[in-house]
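Observations on the model geometry
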Amino acid sequence: MFENAGAGENPFAGGIDPEQMKRLSEQLGASGIDPAMFQPLMASMQQAFSQAGDDGIAWDAAKRQALHLANQDGRAITTGAKADLDQAFALADLWLSEATTISELASPARPITRGEWVEQTLPVWQELAEPVATSMADGLIEALRAQSPEDMQQMLEGAGRMLRSIGGQMFAAQLGQVIGRLSREVVSGGDVGIPVMPAGTAAIVPQNFEDLGRGLEIPDDQLALYVAARELAHARLFRHAKWLRLQAIAQVTDFARGVDIDVERLEDLAARFDPENPEELKTALESGALLPEQSEAQKHALERLETQLALIEGWVDVVTAEATSRMPGGDRFTEVIRRRRAAGGPAEDALEALVGLRLRPRRLREAAAMWRAVTDAVGVEARDSLWDYPDMMPNGGDIDDPSALIARLEARARGEDPAPDDMDQALAQLLAEEADGGSPDGEGTGDGEPGSGDKPQA
């Protein structure tokens, strides 16, 4: 059964005792079950065990699968396509410098192939998907334990690492397919919404860009200029606000860690599992059938993430529109991108089924309207300064009503302290009570310290 193991390798290093496997085979034979039926499963277990990393997830297999799909009909970048996109990036950079105070990138933007997109983005996808993969593997172990007879429990206890490898390998294979499909759909590095490209990197996939403009009756050079401006705006923002990249990825991983597995559904699949026909389990993974309804904590995490993505995409929309305002019919470009984003694609649907996360900001139009209002009221420099520090970033309430945000920015421009909000007042109350020895009535020690009604001075 393990005849393919290399010299010196122990396929039972995960804790499976060969004697237990022998007894299991004898028990199966005595019960009328052909042990040969389980050989494909054992072969899969051996393969999973040999390919999985220390965490039990076969990331190398995911990468191979993704690159296979990306390169299946991938094309090299022609000299003409590179020259056209280099020219678009150069002009877009000049126009963007007039539309935002956020500085240009240290490295030039460039066209990349589908395979290069996979290579550059896979580390982030791995980071985002790892919590779900771990939960999937743990769920598989629990389901198999629940379905196994008592005399097999000891063997399953010792086989924990190998069983986790099976679940991790299945998840990694599906993730590789999703990333491979995405590589055939994405047009640029910022196309997904979250920062999957390395920091400070801007890129366009020429082969996919050709599909974007097909049938739109928009000149290719103008569409390339608009897409280049959007991509550079994305990359400039994440390079300037380094905390923003970390925050966005942290929010996605927080959501993913809350993903649980529908153990009852998995147990049902395990009870009917045919080792020679694993398609049902693969279909369940692809359809998202193993992911239960979102918890309240996940819903709140998703709401925070959607607000952040809306603020990012809204700013990018406003800056790009301003930078490309010289081009006729600029609204058409914005609408093309918005409709494409709203419609999504098969690969994005597959990612949602696999991880439970749909990366589409629902409040994009409202966020863009907020950024336009802020720009009109206080100008480009004050608007872009909101990305300098995390505590200055607008929130969902500012999207609903930008007036308070604008008032704060106008007060700051005049050199005035902004009017305290509820948070400021609560903090002032706590500081005053601490200064007064914790007395809630504002009566201190009589040494002339200010009471709780006074706002601390800087």
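Small disclaimer: the values here were computed from a predicted structure and weren't measured.

Once that is clear, we can look at the overall build of the protein chain. The helix and strand tally for the protein chain stands at 20 helices and two strands. Here the contacts in the protein chain between residues at least 6 apart in sequence split such that 79% fall between residues at least 24 apart. Put simply, the protein chain shows about 22600 Å² of open surface, and 50% of that area lies on carbon and sulfur atoms.

The contact between helix α16 (residues 364–378) and helix α19 (residues 403–413) brings their axes to 10 Å, and the two run at 30°. Relative to α19, the element α16 lies roughly parallel. Considering only the axes of α16 and α19, their crossing is right-handed. Contact residues: α16 offers Met-370, Ala-373, Val-374, Ala-377 and Val-378, while α19 offers Leu-405, Ile-406, Leu-409 and Glu-410. Split into classes, the residues belonging to the contact of α16 with α19 amount to eight nonpolar, no polar and one charged.

The next subject is the nonpolar core. Judged by nonpolar contacts, the single largest core of 55 residues is most densely connected at Phe-209, Leu-232, Leu-244, Trp-315, Trp-371 and Trp-387. Elements supplying a minimum of two residues to this core: α4 (79–99), α8 (206–213), α9 (220–240), α10 (242–257), α13 (296–323), α14 (330–343), α16 and α19. Among the elements that line this core, the one with the most residues is α9, at twelve residues. If we skip the residues at most four places from it in the chain, Phe-209 touches Val-187, Ile-204, Asp-220, Leu-223, Ala-224 and Val-227. Listed in part, the 36 residues of the second largest apolar core include Trp-117, Trp-125, Val-205 and Ile-249.

With that settled, the discussion passes to helix α3 (residues 59–72). Under the 1.5 Å per step criterion, the end-to-end length of α3 is 20 Å for 14 residues, consistent within 8% with the ideal 20 Å. Along α3, the positions that sit buried rather than exposed are Trp-59, Ala-61, Ala-62, Ala-66, Leu-67, Leu-69 and Ala-70.

On to α16. With 15 residues, α16 ought to run about 21 Å at 1.5 Å a step, and its terminal C-alpha atoms sit 21 Å apart, in line with that. Listed in full, the buried residues belonging to α16 are Leu-364, Ala-367, Ala-368, Met-370, Trp-371, Val-374 and Thr-375. With its buried residues spanning 155° around the axis, α16 presents them on a single face. A positive backbone phi angle near 95° is found at Gly-379, which sits one or two residues after α16.

Inspection of every chain in the model, using the stated rule, returns 14 salt bridges. Between Glu-322 and Arg-383 there is a salt bridge whose closest N-O contact spans 3.9 Å. With Glu-322 in helix α13 and Arg-383 in helix α17 (residues 380–384), this pair connects stretches of sequence that are 61 residues apart. Residue class for Glu-322 comes out partly exposed when judged on its relative accessible area of 32%. Residue classification places Arg-383 among the buried positions, given a relative accessible area of 0%. Here the salt bridges do not stand alone but share partners, grouping Asp-73, Arg-114 and Arg-184 into one network.

Mapping Arg-114 onto the fold places it in helix α5 (residues 114–147). Polar contacts involving the side chain of Arg-114 include one to the side chain of Asn-208, which spans 2.9 Å. Contact partners of Arg-114, with chain neighbours within four places excluded, come to Ala-70, Asp-73, Ser-183, Arg-184, Val-205, Gln-207, Asn-208 and Asp-211.

Once that is clear, we can look at the packing of aromatic side chains. Taken as a whole and judged by the stated rule, the model has four aromatic pairs. Summarising the aromatic geometry, the rings of Tyr-226 and Phe-333 are spaced 5.4 Å apart at their centres and angled 20° between planes, so their arrangement reads as stacked. Of this pair, Tyr-226 sits in helix α9 while Phe-333 sits in helix α14, and the two are 107 residues apart along the sequence. No difference in accessibility class separates Tyr-226 from Phe-333, as the two residues are buried. Ring geometry for Trp-315 versus Trp-387: centroids 6.3 Å apart, planes at 80°, classification edge-to-face. Of this pair, Trp-315 sits in helix α13 while Trp-387 sits in the loop between α17 and α18 (396–400), and the two are 72 residues apart along the sequence. Residue classification places Trp-315 among the buried residues on the basis of a relative accessible area of 1%. For Trp-387, a relative accessible area of 0% translates into the label buried.

On to the environment of Arg-363. Looking at where Arg-363 falls in the secondary structure, it is placed in the loop between α15 (346–355) and α16. Taking the C-alpha atoms as reference points, Arg-363 and Ile-399, 36 residues apart in sequence, are found 8.4 Å from one another. With residues near it in sequence (within four places) discarded, Arg-363 still touches Ala-310, Gly-396, Ile-399 and Asp-400.

What follows is about the environment of Glu-313. Mapped onto the elements, Glu-313 comes out in helix α13. When the C-alpha atoms of Glu-313 and Ala-368 are compared, they prove to be 7.7 Å apart, with 55 residues separating the residues in sequence. Side chain to side chain, Glu-313 and Arg-230 meet in a polar contact 2.9 Å long.

To continue, consider the confidence of the model for the protein chain. Taken over all residues, the pLDDT of the protein chain has a mean of 76, while the share at 70 or more is 60%. Looking over the protein chain, one finds the lowest element-wise mean pLDDT in helix α2 (residues 39–51), namely 48, and the highest in strand β2 (residues 203–204), namely 97. The low-confidence segment residues 31–35 (pLDDT under 50) makes five contacts with residues lying over four places distant or belonging to another chain. Within the model, pLDDT remains below 50 along residues 439–458, and this stretch shows 19 contacts once partners closer than five positions in the same chain are excluded.

The rules we used
- All residue numbers refer to positions counted from 1 along the written sequence of the respective chain.
- At least 70 in pLDDT is required for a residue's local features to be given in this predicted model, at least 80 for side-chain atom pairs to be given and counted, and no such filter applies to totals for whole chains, interfaces and linings, which use all residues.
- Hydrogens and waters are ignored; side-chain quantities use all the structure's heavy atoms.
- In this text, helices come from DSSP runs of H or I with a minimum length of four residues, and strands from runs of E with a minimum of two, each type numbered from the N-terminal end.
- Whether two residues are in contact is decided by their heavy atoms, any of which lying within 4.5 Å being enough.
- Areas reported as accessible are Shrake-Rupley estimates using a 1.4 Å probe. Residue values count occlusion only from the protein chains shown.
- Every axis in this analysis is a line fitted to C-alpha atoms, fitted for helices over the stretch in contact. Angles between the N-to-C directions lie between 0 and 180 degrees.
- The scheme is simple: roughly parallel for angles under 35 degrees, roughly antiparallel for over 145, roughly perpendicular for 65 to 115, oblique for anything else.
- Crossings are classed by handedness, with left-handed meaning an anticlockwise turn of the near helix from the far one by less than a right angle and right-handed meaning a clockwise turn.
- Ten residue types, Ala, Val, Leu, Ile, Met, Phe, Trp, Tyr, Cys and Pro, are classed as nonpolar, four, Asp, Glu, Lys and Arg, as charged, and the remainder, Gly among them, as polar.
- For the purposes of this section, nonpolar cores are sets of buried Ala, Val, Leu, Ile, Met, Phe, Trp, Tyr and Cys residues that join through side-chain atoms within 4.5 Å.
- Buried, partly exposed and exposed residues are distinguished by accessible area as a fraction of the type maximum, computed with a 1.4 Å probe on protein chains only: under 20%, between the cut-offs, and over 50%, respectively.
- Here, expected helix span is obtained from the residue count minus one, scaled by 1.5 Å.
- The arc in question is the one traced by the directions running from the helix axis out to the C-beta atoms.
- When a carboxyl oxygen of Asp or Glu is within 4 Å of a side-chain nitrogen of Lys or Arg, the pair counts as a salt bridge.
- Any N or O atom pair separated by 3.5 Å or less is treated as a polar contact, with the protein-specific requirement of one donor-capable and one acceptor-capable atom, and with residues adjacent in sequence counted only for side-chain atom pairs.
- Aromatic pairing here means that ring centres of Phe, Tyr or Trp (its six-membered ring) are within 6.5 Å. Orientation follows from the plane angle: under 30 degrees is stacked, over 60 is edge-to-face, and everything else is tilted.
- Residue-level confidence of the predictor is summarised by pLDDT, bounded by 0 at the bottom and 100 at the top.

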